Amino acid sequence: MTLQTDYALRMLIFLAVRPEAPCTVSDVAEAYGLSHNHLLKVARRLGQLGAVTTLRGRAGGITLAKEPENIGLGAIVRGIEESLALVECMGAGESACVLTPACRLKGIVAEALDAYLAVFDRYTLADLVTNRQSLTGLLGLEMEASDVMTSA
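Conventions we followed
- Residues numbered from 1 in each chain as written.
- Predicted model: local features only at pLDDT ≥ 70, side-chain atom pairs only at ≥ 80, totals over all residues.
- Heavy atoms only, no water.
- Salt bridge = Lys/Arg side-chain N within 4 Å of Asp/Glu carboxyl O.
- Helix = DSSP H or I, 4+ residues; strand = E, 2+ residues; numbered from the N terminus.
- Buried < 20%, exposed > 50% of the residue type's maximum accessible area, 1.4 Å probe, protein only.
- 1 Å grid on protein atoms, 1.4 Å probe; cavity = no way out; pocket = protein on both sides within 12 Å on 5 of 7 lines; lining within 4 Å.
- Points joined across faces, edges and corners; volume = space filled by probe spheres on them.
- Nonpolar A, V, L, I, M, F, W, Y, C, P; charged D, E, K, R; others polar.
- Axes fitted to C-alpha atoms, helices over the stretch in contact; angles between N-to-C directions.
- Parallel < 35°, antiparallel > 145°, perpendicular 65-115°, else oblique.
- Left-handed = near helix turned anticlockwise from the far one by under 90°.
- Contact = heavy atoms within 4.5 Å.

### Some points on the pattern of salt bridges
Point 1. Scanning the entire structure with this criterion turns up four salt bridges.
Point 2. Notably, a salt bridge pairs Asp6 with Arg10, separated by 3.0 Å at the nearest N-O pair. Here the residue Asp6 and the residue Arg10 both occupy positions in helix α1 (residues 3–17), the gap between them amounting to four residues, near one helical turn.
Point 3. Using a relative accessible area of 25% as the deciding quantity, one classes Arg10 as partly exposed.

Now the structure itself:
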């Protein structure tokens, strides 16, 4: 998994833990100690995937575009990763490997990748934030009193 996918999942967790108001990329960067510029690219990509809504202007920020239970982790991983080719012969171009005509590794790697993605497909963003109260504290966020009662 690339850092961009890791950051995308972390951004989604942050937004799901704090759904009551838009936040800024700077808020997310500060909470995780990550690069603001990297997170800007991640937010833009998540917007293209339809997972977040980005609003410009003074009252702008980013919010989830869907409810957490409607954001599948498999779709996010597939959408953020630029290439899921784990070995050269799985890529779009021609393989330079001399074993390509007789190699069975490609099939095994493809099977492993399918299994990897199948695990992500079983979960949604909602599954990542069932411990909202703990996450809120770790991210340095304050919960509203009504949220404390519902997430305990």
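### A few points about the layout of surface pockets
Point 1. In this model, the largest pocket occupies a volume close to 350 Å³.
Point 2. Val25, Leu40, Thr54, Arg56 and Ile62 are, among the 17 residues lining the largest pocket, the residues nearest its centre.
Point 3. For the lining of the largest pocket, the elements supplying multiple residues, two or more each, are α2 (25–32), α3 (36–48), β1 (52–55) and β2 (61–64).
Point 4. It is α3 that contributes the most residues to the lining of the largest pocket, six residues altogether.
Point 5. In the lining of the largest pocket, the residues fall into six nonpolar, nine polar and two charged.

### Overview of the packing of α1 against helix α4 (residues 73–80)
Point 1. At a minimum axis separation of 9 Å, α1 and α4 run at an interaxial angle of 140°. On the basis of the axis angle, α1 is oblique to α4. For the crossing formed where α1 meets α4, the hand is right-handed. Contact residues: α1 offers Gln4, Thr5, Ala8, Leu9 and Leu12, while α4 offers Leu73, Ile76, Val77 and Ile80.
Point 2. Taken together, the residues of the contact of α1 with α4 sort by class into seven nonpolar, two polar and no charged.

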